[in-house]
Amino acid sequence: YEISACLVGSEMCIRDSAQTEEELSRRLEDACLREAGIRVKLRITLCRTAEGVAASAVQVVPQGALTDARKQAVERLLTAQLQLEPESICWGEAVP
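Now for a quick tour of the structure.

Thresholds applied
Residues numbered from 1 in each chain as written. Predicted model: local features only at pLDDT ≥ 70, side-chain atom pairs only at ≥ 80, totals over all residues. Heavy atoms only, no water. Core = buried A, V, L, I, M, F, W, Y, C linked by side-chain atoms within 4.5 Å. Buried < 20%, exposed > 50% of the residue type's maximum accessible area, 1.4 Å probe, protein only. Helix = DSSP H or I, 4+ residues; strand = E, 2+ residues; numbered from the N terminus. Axes fitted to C-alpha atoms, helices over the stretch in contact; angles between N-to-C directions. Parallel < 35°, antiparallel > 145°, perpendicular 65-115°, else oblique. Left-handed = near helix turned anticlockwise from the far one by under 90°. Contact = heavy atoms within 4.5 Å. Nonpolar A, V, L, I, M, F, W, Y, C, P; charged D, E, K, R; others polar. Pairing = 2+ DSSP bridges. Right-handed = clockwise from strand over helix to strand, strands pointing away. Expected span 1.5 Å × (residues − 1). Arc of directions from axis to C-beta.

### Points about the nonpolar core
Here is step 1 of the chain: Counting residues in each nonpolar core, the largest one holds 21 residues, and the members touching the most others are I44, V58, L78 and L82.
Here is step 2 of the chain: Taken together, the elements giving at least two residues each to this core come down to α1 (21–36), β3 (40–49), β4 (52–62) and α2 (68–82).

### Looking at the packing of α1 against α2
Here is step 1 of the chain: Where α1 meets α2, the closest approach of the two axes is 10 Å, and the angle between their N-to-C directions is 135°. When the interaxial angle is binned, α1 and α2 end up oblique. The interaxial crossing formed by α1 with α2 has right-handed handedness. On α2, the residues touching L24, L28, A31, C32, E35 and A36 of α1 are R70, A73, V74, L77, L78, Q81 and L82.
Here is step 2 of the chain: Here the contact of α1 with α2 is built from residues that sort into 10 nonpolar, one polar and two charged.

### Re the pairing of β4
Here is step 1 of the chain: Pairing of β3 with β4, which is carried by 10 bridges, proceeds in the antiparallel orientation. When the sheet's bridge partners are listed, K41 is paired in β4 with V61.
Here is step 2 of the chain: Here β3 folds back onto β4 in antiparallel fashion, the turn holding two residues.
Here is step 3 of the chain: Of the strand pairs in this sheet, β4 and strand β5 (residues 89–91) are connected by three bridges, and their pairing is parallel. The residue bridging V60 from the neighbouring strand is W91, located in β5.
Here is step 4 of the chain: Crossover β4 to β5 through α2 is right-handed.

### Details of α2
Here is step 1 of the chain: Taking 1.5 Å per residue, 15 residues should reach 21 Å; α2 reaches 21 Å between its end C-alpha atoms and fits that length.
Here is step 2 of the chain: Among all positions in α2, only A73, V74, L77, L78, Q81 and L82 are buried. Around the axis of α2, the buried residues are gathered within 130° of arc, so they sit on the same side. Relative to its buried face, α2 has exposed residues pointing more than 90 degrees away, namely D68, A69 and R76.
Here is step 3 of the chain: Downstream of α2 by a residue or two, Q83 has a phi angle that is positive, lying close to 55°.

### Remarks on unusual backbone geometry
Here is step 1 of the chain: With phi around 55°, Q83 is a residue other than glycine that occupies positive phi space.
Here is step 2 of the chain: Mapping Q83 onto the fold places it in the loop between α2 and β5.
Here is step 3 of the chain: Residue classification places Q83 among the exposed residues on the basis of a relative accessible area of 53%.

### Some remarks on α1
Residues spaced three or four apart along an α-helix face the same direction, because each turn holds 3.6 residues.
Here is step 1 of the chain: With 16 residues, α1 ought to run about 22 Å at 1.5 Å a step, and its terminal C-alpha atoms sit 21 Å apart, in line with that.
Here is step 2 of the chain: In the stretch just after α1, G37 is the one whose phi turns positive, near 75°.

Set out below in structure tokens:
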């Protein structure tokens, strides 16, 4: 299934288009590096809703040392951009 993401203020809305889950992941991975100072790999799970398509969960695998401050910054970014509850974010083991 293909999606598109567009920034609306500080939130991201997801709508049908030619953008893939991988492209959305890459865009948010870049945002994590810019805003939280850490490189991560994301796997975003999308689901169909009455309004269209929405993120239902995300797996985060840090690509380096993860401090509590960076983890919190990534969680804030992802919950705001994907409109997820913090419980929907699953952390994988860091890759050195």
